[in-house]
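Listed below are the residues making up each chain.
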Amino acid sequence: MIARFYFSLRSPYSWLAYRDLLTHHPDVADILEWRPFWEPDDGFLEMLTEAGGRFPYVDMSRAKALYILQDVRRLANQRGLKVAWPVDRKPRWEVSHLAYLVAQRHGKGPEFIAGVYRARWEQARDISDPETIAAIGSELDLDPVELVTAEKHPEIRDAALRALQAVDADGVFGVPFFVVGREKFWGVDRLPDVVAAVRARQSAPEPVPESAVAEPVAAAGDLGHAGGCG
């Protein structure tokens, strides 16, 4: 896979990056490996810690929260979008993100993401409410019971732990977050750079295996890197 996109169903900036990708760069969206990011509850945080991982989380200040309200509204207006800010009464992000893992297994990950983003950011619905997730699943011909009971299935819990371990391994500290080769990009404003990096890797020639490189006959001349620093 050329690049990874860490997205969160609860993040307005992830939603904006998602809209920009599908509207302006659908070819890149198809190439990306989509990986979920969410703030784990105590149970999953304990699982992650026991597995040797950690989760980079810092509580948001009131000032930052108020800024985000203004900033997201401004960015949405620039895109001709109308944001409906949801009220998270009892947020528990496992409800939506583990359901995504179920939808992904059934080959309907993109449709599920679209449905949840629409519910949260255009309809101000509570995606921590199992009824919301069940309704979205029914619209996609997915078993609503399987979605809302995802956490009870060992294979989904294992997949969720692996997803959190990937967040730790890639050093993801916020969303949207992109990894292209060894380069990392954070924020919706970095999307043009992500697109350029992905397309550059697409057009790059395949590396020549070492076994196919002929040994030099004699050590004559400069055998260093051509046009690069060693």
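Refer to the structure above for everything that follows.
Residues numbered from 1 in each chain as written. Predicted model: local features only at pLDDT ≥ 70, side-chain atom pairs only at ≥ 80, totals over all residues. Heavy atoms only, no water.

**Considerations on the packing of aromatic side chains**
- Under the counting rule described, the total for this entry stands at 12 aromatic pairs.
- Centroid distance phenylalanine 173 to phenylalanine 177: 5.4 Å. Interplanar angle 80°. Geometry classified as edge-to-face.
- On the basis of relative accessible area, phenylalanine 177 is assigned to the buried category, the value being 2%.
- Members of the aromatic cluster, each reached through a chain of ring pairs, are Phe5, Phe7, Tyr18, Trp34, Tyr100, Tyr117 and Phe178. (Phe/Tyr/Trp six-rings, centres within 6.5 Å; stacked < 30°, edge-to-face > 60°. Buried < 20%, exposed > 50% of the residue type's maximum accessible area, 1.4 Å probe, protein only.)

**A short note on helix α5 (residues 94-105)**
- The first and last C-alpha atoms of α5 sit 16 Å apart over 12 residues, in line with the 16 Å expected at 1.5 Å per residue.
- Burial analysis of α5 places 10 of its 12 residues in the buried class, the great majority of the element.
- Along α5, the residues that are buried comprise Glu94, Val95, Ser96, His97, Leu98, Ala99, Tyr100, Leu101, Val102 and Ala103.
- Among the residues trailing α5, glycine 107 stands out with phi positive, at a value near 75°. (Helix = DSSP H or I, 4+ residues; strand = E, 2+ residues; numbered from the N terminus. Expected span 1.5 Å × (residues − 1).)

**What to know about the nonpolar core**
- Counting 70 residues, the largest nonpolar core has Leu9, Leu32, Trp34 and Phe112 as the members making the most contacts within it.
- It is helix α9 (residues 154-169) that contributes the most residues to this core, 8 residues altogether.
- For tryptophan 34, the contacting residues outside a window of four places in its chain are Phe5, Phe7, Tyr18, Leu22, Ala29, Tyr100, Gln104 and Ile113. (Core = buried A, V, L, I, M, F, W, Y, C linked by side-chain atoms within 4.5 Å. Contact = heavy atoms within 4.5 Å.)

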